[in-house]
Amino acid sequence: MVARANFSEELRDLSAHMLGKMDILFDGKSTSEWPKGIKIDTADLGPRVTDQQEIGLRLSHGMDCDRVQWYKHNEPQFHVPPPAMIQLEKFSVGDLWEAYSHGILPHCMPTDWTYINAKNMEITLRGIKGHLDGLIINKKKKWLIISDSKASSGFRHKKWTEGHKPDEPWGNWNQAANYCYAMDALCRRDTSKYHGYKVIGFVWPALVTGGFGWDLAAGWATRQDIEPWHKKTQDSYRRAKSLASPPIRWQHTNVCKYCNFRQHCKKDSR
Ligand code: SF4
């Protein structure tokens, strides 16, 4: 029997190297000392206007409650985007971190590894779309890692990096699973420029925000780690597509506060 390759060490070493380099850039230098060629593109910052056509099941949202998934697939017209001020509060640090990541990560890679800004590269898995953030590739070995920059609280980052626990409610691992499987499918297509690459895992360069200051961190997951999350996510998409009406049980949780279907969900639950 052929043993399954375990890429934990590769991902752990790459994450540690990347974090060390990020630390030097952010903690050890002013931006005027940064190597030439680091370009921070902040053009996309600010509130976004979501096209109603674009509401639907998404690979990055595999964690949403079953009711959200159902509404997205069946009644997207009830999606109410958050006010611009809430969007700014909720997304601005994350968007800024993503812009900085694209600029600095090419300078934080170990030998033989290259960071590629894959912003807006579309991937699909069983008809559900997603958009990548970054790819880290090793051309010699034909290995590929999916990178997705995250800004989060320390509590949240800890939960993510302890992702084997089933109580990670924000969906980082669901997203990791979906993206890896979708990228796998792409790497099998002989028309893809990544044809023949092996997807070995997912990393998230992180900006950890908190009352006592901000810090840098990095998390990672291997393909083996995320397999159970892939199944959970696919089950949730399947329910959204197959149920004739939204799942009956409405559990009001903290997440509901930020849900774009909350107004409709409340009415619908009575
Ligand atoms: S308001 Fe809460 S229960 Fe209703 S769809 Fe949104 S997250 Fe789910």
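See above for the structure.
Right, let's walk through the structure included here. Within any chain, residue numbers begin from 1 and follow the written order of that chain's sequence. Local features in this predicted model are restricted to residues whose pLDDT is 70 or higher, and side-chain atom pairs enter the listing and the counts only when it is 80 or higher, whereas totals over whole chains, interfaces and linings include all residues.

## Concerning the overall build of the chain
Numbering of helices and strands runs from the N terminus; a helix is a DSSP stretch of H or I covering at least four residues, while a strand is a stretch of E covering at least two. A count of helical and extended segments in the chain gives seven helices and eight strands. Note that the radius of gyration is over C-alpha atoms, with the globule rule given as 2.2 Å times the number of residues to the power 0.38. Radius of gyration (C-alpha) of the chain: 19 Å, near the 18 Å computed for a compact globule of 270 residues. If one aligns the C-alpha atoms of the chain with their principal axes, the spans along those axes are about 60 × 50 × 35 Å. Per-residue burial for the chain yields a buried fraction of 34% across its 270 residues. Any residue surrounded by 20 or more other C-beta atoms within 10 Å of its C-beta is treated as buried, while 12 or fewer makes it exposed and the intermediate range makes it partly exposed; C-beta atoms here are placed from the backbone.

## Section: the site of the ligand
Residues in close proximity to the ligand total eleven residues, the closest being Cys65, Arg67, Cys256, Cys259 and Cys265. Within the residue set of the shell around the ligand, elements represented by two or more residues are α2 (66–74) and α7 (262–268). Only Asp, Glu, Lys and Arg are considered charged in this grouping, and only Ala, Val, Leu, Ile, Met, Phe, Trp, Tyr, Cys and Pro are considered nonpolar; every other residue, Gly among them, is considered polar. In terms of residue class, the shell around the ligand is made up of eight nonpolar, one polar and two charged. Only the C-beta atom, placed from the backbone, is used; a residue is near a molecule or strand if that atom lies within 6 Å of it.

## Considerations on the packing of α2 against helix α6 (residues 223–242)
Lines fitted to C-alpha atoms define the axes here, with helix axes fitted over just the stretch in contact, and angles between the N-to-C directions of these axes take values from 0 to 180 degrees. Orientation of α2 relative to α6, taken along the N-to-C sense of each, is 50°, at an axis distance of 8 Å. Judged on the interaxial angle alone, α6 and α2 are oblique. Between α2 and α6 the crossing geometry is right-handed. Between α2, through Asp66, Gln69, Trp70 and His73, and α6, the contact on the second element is made entirely by Ser236, Tyr237, Arg239, Ala240 and Lys241. To sort the angles, those under 35 degrees are grouped as roughly parallel, those over 145 as roughly antiparallel, those from 65 to 115 as roughly perpendicular, and the leftovers as oblique. Helix crossings get a hand from a simple test, with the near helix turned counterclockwise from the far one by less than a right angle marking a left-handed crossing and a clockwise turn marking a right-handed one. Whether two residues are in contact is decided by their C-beta atoms, placed from the backbone, lying within 7 Å.

## Regarding the environment of aspartate 66
Its location among the elements puts aspartate 66 in helix α2. For the pair aspartate 66 and proline 246, spaced 180 residues apart in sequence, the C-alpha separation works out to 7.9 Å. With sequence-adjacent residues up to four places away left out, aspartate 66 is seen in contact with Ser236, Arg239 and Pro247.

## Overview of the environment of arginine 262
Here arginine 262 lies in helix α7. As a C-alpha pair, arginine 262 and valine 68 span 194 residues in sequence and 8.9 Å in three-dimensional space.

## Thoughts on the nonpolar core
Residues enter a nonpolar core if they are buried, belong to Ala, Val, Leu, Ile, Met, Phe, Trp, Tyr or Cys, and are joined to the set through C-beta atoms within 7 Å. By size, the foremost hydrophobic cluster in this structure holds 55 residues, and its most contacted members are Ile145, Tyr179, Cys180, Met183, Phe202 and Val203. Sorting elements by how many residues they give to this core places helix α5 (residues 172–188) first, with nine residues.

## Some remarks on α5
Over its 17 residues, α5 runs 24 Å from end to end, which matches the ideal 24 Å to within 8%, given 1.5 Å per residue. Within α5, 13 of the 17 residues are buried, leaving the element largely enclosed by the surrounding structure. Expected helix span is given by 1.5 Å per residue-to-residue step, counting one fewer step than there are residues.

## Description of the pairing of strand β8 (residues 215–222)
With six of its eight residues buried, β8 lies for the most part within the structure. The pairing criterion is simple: DSSP has to find at least two bridges between the two strands. Alignment of strand β7 (residues 198–209) against β8, held across eight bridges, turns out to be antiparallel. Bridged to proline 205 within β8 is alanine 218. In sequence, β7 turns back onto β8 through a hairpin of five residues, with glycine 213 there showing a positive phi of about 115°.

## Considerations on unusual backbone geometry
Phi is positive for arginine 126, close to 45°, though the residue is something other than glycine. Secondary-structure assignment places arginine 126 in the loop between β2 (122–125) and β3 (128–131). The exposure class of arginine 126 is partly exposed, given the 14 C-beta atoms found within 10 Å. We note that lysine 142 has phi near 60°; this positive angle belongs to a residue other than glycine. Among the secondary structure elements, lysine 142 is positioned in the loop between β4 (134–138) and β5 (143–147). Taking the number of C-beta atoms within 10 Å as the measure of exposure, lysine 142 has 13 and is therefore partly exposed.

## Topic: the packing of α5 against α6
The interhelical angle for the contact between α5 and α6, taken along N-to-C directions, is 100°, at an axis separation of 8 Å. The angle between α5 and α6 places the two elements in the roughly perpendicular class. Seen from α5, the contacting residues are Trp173, Asn174, Ala176, Ala177, Asn178, Cys180 and Tyr181; seen from α6, they are Arg223, Ile226, Trp229, His230, Lys232 and Thr233. Here the residues of the contact of α5 with α6 sort into seven nonpolar, four polar and two charged.

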